[in-house]
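# What the coordinates show
Here's the letter readout for the chains.
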Amino acid sequence: MKAKRSIFAVGITAAMVFSSLPANAAGVDLKIGTIHPLTGGNADYGIGLTTAAEFAAESVTKAMKKAKVAGSCKIVASEDDQATPALAVEAATKLVKSNKVHAIVGPLTSGSTVSAAQSVTVPNNVVMIATAASSPDITKFKDKDLLFRTYPSDAFQGKVIVAALIKAIGKGLTINIGARNDSFGTALANVVTNEWVKAGGDIGRKILWNPENATFDSEAKAVTEGDPDAWVIIDFPDTFAKVGPALVRTGKWDAKKTFFTEAMYDEAVIETIGVDIMAGARGTAAKSIGVKSDSWKAKRKAAKPDTKETFVDASGYDATALLCLAAIHAKSTKASDISKSLRAVSGSNGGKNIPWTKMKAAIKAAAAGKDFAYQGAWTTAKFDENGDSSGALFRVFSIDANGKLSSKDGEDVRF
Amino acid sequence: MTDLIQYLFNGLVAGSIFAIAAVGISLVYSVLRLVNFAAGDFLTLGAFITYYFSVTLELNFVLSILISMLAGMGISWFLELVLWRKLRRNKAGTLALFLVATGVALMLRPVIQYLFGTQVRKFNVDILKTYDFFGARIAHTQLIVLIFATASIITIALFMAKARIGKDMRAYANNPSLAAVSGINVDRVVVATWLISGALGSLAGVFQGLVQGQFNNAMGESLLLSFFAAVVLGTIGDAYGALLGGLLLGLFMELSQLGIFFGGVPSNYKPVVAFAALVLVLLFKPEGIFGYRARKV
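Quick caveat: nothing in here was measured; it's all calculated off a predicted structure.

### Some remarks on the interface of chain B and chain A
Between chain B and chain A, the contact holds 32 residues from the first and 33 residues from the second. Taken together, the two surfaces of chain B and chain A that pack against each other cover about 2,500 Å², and 49% of this comes from carbon and sulfur. Among the residues of chain B in contact with chain A, Leu128(B), Gln212(B) and Asn268(B) are the three that bury the most area, contributing 22% of the side total. Run the count over chain B and chain A and you get two salt bridges. Between Lys221(A) and Asp3(B) there is a salt bridge, with its nearest N and O atoms 2.6 Å apart. The interface formed by chain B and chain A includes 15 residue pairs in polar contact (both at pLDDT 80 or more). Elements with a contribution of two residues or more to the side of chain B that touches chain A: helix 1 (2-32), strand 2 (136-139), helix 5 (140-162), helix 8 (186-212), helix 9 (219-233) and helix 11 (270-284) of chain B. The dominant element in the side of chain B that touches chain A, judged by the number of residues it contributes, is helix 1 of chain B, at six residues.

Structure representation (structure tokens):
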């Protein structure tokens, strides 16, 4: 009788213990790798995003402990692709084959994203969330629902550039477009062309340049022909550092009539290219639609004081946090499960809003298998059916004579 | 007319840099039967060493270029002593040498990155200054590069034709066995080849850095394909051919954008034009423009 009572007591105790544990008591151990340019012309952005991803993994791990949810979410390796597609493929291969990661955060650029997805992550069934890839081509990419992005598509930015141009110079005029010949440059140049023509304007010249060209003087000459009313230049800092001087040397280019994209939204970049080249130019750049962004910046700075801040850092934080939450929600590290759960935790299936500041609550909701809308520091937008961010906010910036950036909140464009 | 002058000038500048780099590659191949895949990285190294002495240490720019050429020569010589000579004596084949050269390139890249970083650099020269020439805008830095590159090309051509070691190099390239039995000091020829190749690589790197205005650690490797195209166009292993091949390649690429060619070939197709020209030349002269020299041997 005594033995029977003991067995009963142990049984009751065990039942109580197990019932008090969260649904995924076994926990998932999610291994994430990052791919960003850690060296080269885009290194500031890449280091900022990588640091933010590490910060997210640390924040989630702490919150998991507080929420008493078993498992882990770790950045196991951070690779440098120098914003080069070939290196991105090598980096993704290393992460998938050697580090055996379940998911990747990054790359930064569209060319690297498409190459890594096409050659490595999609064939190997690994989920990837690109952090700043904006090419509209990514929307149509056949990715088995494994490629997502937290940064808005240039389908939005093209419209913003054209709206800013119309405000600056008026409708029905002629613009010349100069763009780098890659996934990002060609796709955004096409969007701007379509939007500008739709608004009644003309495209005088559309010149695409190969970033690896030996010289850019002939390209500069071509893009300044025809006396346009304005220019749209779509390029990255390391290439424009060579194109810019060539444009000035033509004697026909005017920075004050030129609109750039977000890659130039950095005072260090402007300094490197040359304030005398960039002064007076304007541009558009995506802006955070996240919640408590300034608070996030302060926390990130406190956690990682040595890393320089860029405007897009929080995108790396949200991408990592979303992957961790999705894995907890899916109770799995399998790509197809994480992919489905990414929508469940980003609000695509409805549910209440949970901000990044309440990570413990988000983790508890995910562990309980609930659908909710994670409200990040960069984005509050849910993923659409293509894995794109469904909302966006853009600023229109200008560069003053000292190379300083400024923008007015009233001129922001929201989608 | 203005357009023709502008594109012709741009083509000559790009072509002269191709030519200088290509002649170094061609010399190494002709004497050593080695496809020097590390040639692009010697360009990058040359530009960065010049930057270090002229900008960081604020030495005279010309003196800095000379130091960088000496450094290029020194590194080439060091590699000959510790690597290439031993491989030759072990009868390493062309493929093995090519793979080792690729390995040297892959090792040089992180070394350059470690030593000089990956930031965009520029020399202390006015890259925005231009001159008007019959309506064409001639950049100050490009003019300097064209003048000095032309002088370098003439010097190389004269050296190969007149200097004793230049003649020895050509003789050895044409027939190594005959050259060796006729008393030519083979080791001297080989070392001279590496020294010239190292110096020209550094010089081409400085010129390229000047023409671009700014450069980073990826400069040389991105141009390597064009250099090899120039070598093939001018006949593999022929130094004079490489000079001509480089110039022609630069001119093809830039002049293709003139309006008379179907309204101007879009600039993103410049490499396509260059390689189409290369294929066309090779169709009619499979050994390159100076191919008859090779057939004579």
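### So, the confidence of the model for chain A
In regions of low pLDDT, the predicted coordinates are not meant to be interpreted in detail. In the predicted model, chain A carries a mean pLDDT of 91, and the fraction of residues at 70 or more is 94%. In this model, residues 14-24 of chain A is a region of pLDDT below 50 whose contacts with residues beyond four sequence positions or in other chains number ten contacts.

### Things to note about empty space enclosed by the protein
In this structure the tally under the stated criterion is five cavities of 30 Å³ or more. Roughly 190 Å³ of volume is contained in the largest cavity. If you trace the largest cavity, you find 15 residues lining it, with Leu108(A), Ala132(A), Phe236(A), Glu262(A) and Ala263(A) closest to the centre. Classifying every residue of the lining of the largest cavity by side-chain character gives ten nonpolar, four polar and one charged. Taken as a whole, the second largest cavity encloses approximately 80 Å³ of empty space. The biggest single contributor to the lining of the second largest cavity is helix 8 of chain B, with five residues. Of the residues that constitute the lining of the second largest cavity, the class distribution is eight nonpolar, six polar and no charged.

### Details of the domain arrangement of chain A
Many authors give the size of an interface as the accessible area that is lost as the parts come together. Residues and elements named next belong to chain A. Domain boundaries in chain A define domain 1 (20-153 + 290-375) and domain 2 (155-288 + 393-414). Here the C-alpha centroids of domain 1 and domain 2 sit 30 Å apart. On the domain 2 side, the residues contacting the 20 residues of domain 1 number 22 residues. Summed over both sides, the interface of domain 1 with domain 2 buries roughly 1,600 Å², with 55% coming from carbon and sulfur. Residues Asp266 and Lys308 are paired through a salt bridge, measuring 3.4 Å at the closest nitrogen-oxygen approach. The tally of links from domain 1 across to domain 2 stands at eight residue pairs in polar contact (both at pLDDT 80 or more). Elements that contribute at least two residues to the side of domain 1 that touches domain 2 include exactly helix 2 (43-66) and helix 4 (110-121). In terms of residues, the side of domain 1 that touches domain 2 owes the most to one element, helix 4, which gives three residues.

Parameters at a glance
Residues numbered from 1 in each chain as written. Chains lettered and ligands numbered in written order. Predicted model: local features only at pLDDT ≥ 70, side-chain atom pairs only at ≥ 80, totals over all residues. Heavy atoms only, no water. Contact = heavy atoms within 4.5 Å. Buried area = accessible area lost by both parts, 1.4 Å probe. Salt bridge = Lys/Arg side-chain N within 4 Å of Asp/Glu carboxyl O. Polar contact = N/O pair within 3.5 Å; in protein donor to acceptor, adjacent residues only side chain to side chain. Helix = DSSP H or I, 4+ residues; strand = E, 2+ residues; numbered from the N terminus. pLDDT = per-residue confidence, 0-100. 1 Å grid on protein atoms, 1.4 Å probe; cavity = no way out; pocket = protein on both sides within 12 Å on 5 of 7 lines; lining within 4 Å. Points joined across faces, edges and corners; volume = space filled by probe spheres on them. Nonpolar A, V, L, I, M, F, W, Y, C, P; charged D, E, K, R; others polar. Domains from an automatic or database assignment.

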